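# Chains, contacts and geometry: an overview
Listed below are the residues making up each chain.
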Amino acid sequence: MLLALDTSTRNIGIAIYDGIQVLCEYIWTSHDYHTVELAPAVADTLSRAGVEIQNLKLLAVATGPGSFTGLRIGMALAKGIALARHLPIIGIPTLDVVAESQPVSPGFTLAAILQAGRGRLAVGWYIPVNGTWQLNLPIEVMDVLKLSRQIHEPTLVCGELNEEQQHALARKYKNVILASPAHSIRRPSLLAELAWKRWQAGEVDDPATLSPTYLHLGEPIPG
């Protein structure tokens, strides 16, 4: 039984997954109340799934990029449970979760996006490799106009975009294919599936050294 936590931005997600089905998934927008909301939400999600904490065998956590406070709180809770229960933990880059929501389309590039504050976006560029999306360039922080100028070929765009940003990108209708809002939500169940695959392959992280990737405005983030 796997518990997945994503607190990368104001959009928070929790999922319970057993390798066969998603037993419960909870997604909401927090107005910077991660500290008081997360632990009770985890307890409620476990209860709704009919899962006791002692039934957990694995923790998955989104590692960012994202906000300092959000990532710190999610990472701290995931590590705390993992260490207290002697469970393996796996960290998954947040933009990999965004990319996983889109079907792989040969010949297309994918721009996976998170809000980075002050009108900026964290953008990860993905290409199809062997049937999966693979990060192709370092993650960058930019505004929507710079993002628009960088798109010169058919590109799927998904993730956190406000109305103004969607309109700006929609002007490039020949090259920008905007994912619908429902397909742009970061699904903690996808985080769970990605972590489960790594666990099945024998890959786990060291809870003592696992750390978040924060947003550094103006600097590329290595992939």
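The structure presented is a predicted model; accordingly, all values stated were derived computationally and were not measured.

### A look at the overall build of the protein chain
Regarding its fold elements, the protein chain presents seven helices and 11 strands. For the protein chain, the C-alpha radius of gyration of 17 Å lies close to 17 Å, the compact-globule estimate for 223 residues. Along the first, second and third principal axes, the C-alpha set of the protein chain runs to 50 × 35 × 30 Å. Going through the 223 residues of the protein chain one by one, you find that 46% of them count as buried. Long-range contacts, defined here as pairs at least 24 residues apart, represent 63% of the contacts in the protein chain between residues at least 6 apart. Just so you have it, the protein chain exposes about 10900 Å², and 53% of that area is on carbon and sulfur atoms. Each charge class in the protein chain can be summarised by its mean position, and for the 17 positive and 20 negative side chains these summaries are 4 Å apart.

### Here's the deal with the packing of aromatic side chains
Enumeration according to the criterion identifies four aromatic pairs in this entry. In this structure an aromatic cluster arises from ring pairing among Y17, W196 and W199.

### Overview of the sheet that holds strand β4 (residues 58-62)
Within the open sheet, the five strands sit side by side as β3-β2-β1-β4-β5. Their pairing is mixed. Only two strands of the sheet have a single partner each, and these edge strands are β3 (22-29) and β5 (89-92). Strand-to-strand, the axes of this sheet are offset by a mean angle of 15°, without reference to chain direction. Each of β1 (2-6), β2 (11-17) and β3 is contacted by helix α1 (residues 34-49), which is oriented at about 25° to β2, the strand it contacts most.

### Topic: the confidence of the model for the protein chain
When pLDDT is averaged along the protein chain, the result is 94, and 96% of the positions lie at 70 or above. Segment residues 217-223 is flagged for pLDDT under 50; beyond a separation of four residues in sequence, or across chains, it makes 17 contacts in the model.

### With respect to the pairing of strand β10 (residues 155-159)
Residues in a regular strand point their side chains to alternate faces of the sheet. In terms of residue burial, β10 counts as a mostly covered element, since five of its five residues are buried. Here β10 shows two buried faces, one formed by T155, V157 and G159 and the other by L156 and C158. By the bridge criterion, five bridges tie strand β6 (residues 109-117) to β10 in an arrangement that is parallel. Considered in β10, the bridge of L110 is made with L156. Here β10 runs beside strand β11 (residues 176-178); their pairing, made up of three bridges, is parallel.

### Quick word on the nonpolar core
Judged by nonpolar contacts, the single largest core of 24 residues is most densely connected at L3, I14, I16, V42, L59 and I89. Residue contacts for I16: discarding those within four places in its chain leaves M1, L2, L3, Q21, V22, L23, C24, T45, L46, A49 and V51. With 16 residues, the next largest nonpolar core counts A60, I92, L190 and L194 among its residues.

Parameters and conventions
- Residues numbered from 1 in each chain as written.
- Predicted model: local features only at pLDDT ≥ 70, side-chain atom pairs only at ≥ 80, totals over all residues.
- Heavy atoms only, no water.
- Helix = DSSP H or I, 4+ residues; strand = E, 2+ residues; numbered from the N terminus.
- Rg over C-alpha atoms; globule rule 2.2 N^0.38 Å.
- Buried < 20%, exposed > 50% of the residue type's maximum accessible area, 1.4 Å probe, protein only.
- Contact = heavy atoms within 4.5 Å.
- Areas by Shrake-Rupley, 256 points an atom, 1.4 Å probe, with all protein chains shown as cover.
- Lys, Arg positive; Asp, Glu negative; His and termini not counted.
- Charge placed at Lys NZ, Arg CZ, Asp CG, Glu CD.
- Phe/Tyr/Trp six-rings, centres within 6.5 Å; stacked < 30°, edge-to-face > 60°.
- Pairing = 2+ DSSP bridges.
- Axes fitted to C-alpha atoms, helices over the stretch in contact; angles between N-to-C directions.
- pLDDT = per-residue confidence, 0-100.
- Core = buried A, V, L, I, M, F, W, Y, C linked by side-chain atoms within 4.5 Å.

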